[in-house]
Amino acid sequence: MASEIIAVRLHPDNDNERRALEVLASWEQAGYSRRQIVTAALLALGAGPQRTTQFDATALQQLEELRELIRGLYERLAEPSAREPISRTVGELTPTFVESVKRAARPPMTLSD
Amino acid sequence: MANNVIVFDCGNSIAKAKTAGREVAFVSALRELTEADYMRVVERAQGRPGPDYLRVNGKPYVVGESAARHAARLTRRTGAARYEPDYYGVLLAAALSRVYRQSGEVALFASHAPRDLEYRRDLGRAALGTWHVEVDGQERSWRVSYVNTFEEPLGGLMNIVLAEDGQHYQRTDINGASALVIDIGGYTTDWLAVKPGGELDYERADSISAGITDVIRDFERSFRANNREALKGTEALTPEQLREALNTGRLRGGGRVYHCENEATEAANILLNRIADSLQSLVGGLFQFNAIILTGGGSAMLEQPIRRMLGHGNVLLADEPQDLHLANVRGGMKLWRLYEHLGVV
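Residues numbered from 1 in each chain as written. Chains lettered and ligands numbered in written order. Predicted model: local features only at pLDDT ≥ 70, side-chain atom pairs only at ≥ 80, totals over all residues. Heavy atoms only, no water.

Considerations on the overall build of chain A
Alright, step 1. Broken down by element type, chain A carries five helices and two strands.
Alright, step 2. For chain A, the α and β elements follow one another from N to C terminus as α-α-α-α-β-α-β.
Alright, step 3. A total of 113 residues make up chain A; the buried ones form 19% of that total.
Alright, step 4. Taking the contacts inside chain A whose residues are at least 6 apart along the sequence as the reference set, 33% of them involve residues at least 24 apart.
Alright, step 5. Total accessible area on chain A stands at roughly 8,400 Å², and carbon and sulfur atoms take up 56% of it. (Helix = DSSP H or I, 4+ residues; strand = E, 2+ residues; numbered from the N terminus. Buried < 20%, exposed > 50% of the residue type's maximum accessible area, 1.4 Å probe, protein only. Contact = heavy atoms within 4.5 Å. Areas by Shrake-Rupley, 256 points an atom, 1.4 Å probe, with all protein chains shown as cover.)

Here you go:
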């Protein structure tokens, strides 16, 4: 089965949409793809339109939790350390690898050359 | 050196760019416009014709998908002929206008095919300088004061090997083994061998002038010939349709599923046989490699056929299939972070 394409427009003149764009940019900067971010955000919202339109006590609680999550995310993003890439790391680079990559580096070109 | 770093891959078919916070990809096509044509488009769009219509250092251009629609008058340069300010520089300026909202000083980390290494000075000259861009009712300037380069397959390799910080592995299974990175782009296919321990083997890095564009053209031609009625009024198949067709032999469109195994196999085989022959004669076959890493947008289009052709037990993708065209710039950003850490840029 083919993937479904979901496209939305977000405009920086709209406050909420601008903040959404900032959140998107921050998570992308942290190394996540748009697909991962949107999937995680939708999962956090709950399971499908029938739940979110009922606005029962559970759904409202979930929404409140989501608000908390977003608030916490904004606070984290305000800290410089939170802007460092979040990544899955499994080991230190070996000296052979580092030396090889170093050798692959080319001389820079600048305006003053 | 500038704090803003842009990684740019001016592919023959798709241009890709990445900064710390944004990624963009657009059709690598450009056409210079007359002042009258440009003003007509701007007026029709009430001053905001979108990112494809721009004035670079005073000259009006159309780039990307909008330029590709005017194929007859298109300026499409391939290989090292692209490395001129009026082509590479303009496409770089278009990329800068899409990734940065503010003017500023920029360092460029640009990729090129391994065989273009001798032309990297031309690339540098084409990019260095100030790019004044008017687009969508806004005027901004970027001063590209620093340029460095890396080979495209190296970007694919770094994307799969390095973590986001560029200072750790995100997987170590490739590091201890020998690997071959194959980068299938629009018009070229490049490869680069990696020795056990991660040493890059530049003696076994090369390119051939064949890519996914040839496969798509051949497939569309034969599929259209066999389904004229269904495709009446359809200009081009979508990338998703093509990817599914070339990988599964089935194409969905117009609410139906078309079986196109023969067209897909025939179109893919011309390219795959050329790649197989080249790898055999220039690299010495695949048995010596513990892993084969596929990168570039063409590899995603042909993932299943190329896996069958390679017949190798450990074929890895440099990124998710739908993002494989971005693997080289993503890996380029990781490599830049490693270079920064090592103090070599």
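Notes on the interface of chain B and chain A
Alright, step 1. Contacts between chain B and chain A engage 47 residues on the former and 36 residues on the latter.
Alright, step 2. Each partner contributes to the roughly 3,600 Å² buried at the junction of chain B and chain A, and carbon and sulfur atoms together form 59% of this total.
Alright, step 3. The three residues of chain B that bury the most area against chain A are Glu164, Tyr169 and Gln170 of chain B, which together make up 16% of that side's buried surface.
Alright, step 4. One can count one salt bridge joining chain B with chain A.
Alright, step 5. Among the salt bridges present, the one from Glu151 of chain B reaches Arg106 of chain A, with a minimum N-O distance of 2.5 Å.
Alright, step 6. Summed over the shared surface of chain B and chain A, the result is 11 residue pairs in polar contact (both at pLDDT 80 or more).
Alright, step 7. Looking at the side of chain B that touches chain A, the elements with two or more residues in it are helix H4 (120-127), strand S9 (138-151), helix H5 (152-161), strand S10 (168-169), strand S13 (200-208) and helix H11 (327-342) of chain B.
Alright, step 8. Tallying contributions element by element places S9 of chain B first for the side of chain B that touches chain A, with eight residues.
Alright, step 9. Considering only residue class, the side of chain B that touches chain A consists of 19 nonpolar, 15 polar and 13 charged. (Buried area = accessible area lost by both parts, 1.4 Å probe. Salt bridge = Lys/Arg side-chain N within 4 Å of Asp/Glu carboxyl O. Polar contact = N/O pair within 3.5 Å; in protein donor to acceptor, adjacent residues only side chain to side chain. Nonpolar A, V, L, I, M, F, W, Y, C, P; charged D, E, K, R; others polar.)

Re the pairing of strand S8 (residues 129-135) of chain B
Residues and elements named next belong to chain B.
Alright, step 1. As paired elements, strand S5 (residues 53-56) and S8 share three bridges and run antiparallel to each other. Opposite Leu54, over in S8, you have Val135 as the bridge partner.
Alright, step 2. Looking at chain direction, S8 and S9 are connected through seven bridges and run antiparallel. By the bridge assignment for S9, Val135 is matched with Gln138. (Pairing = 2+ DSSP bridges.)

Distances and angles like these do not, on their own, reveal function.
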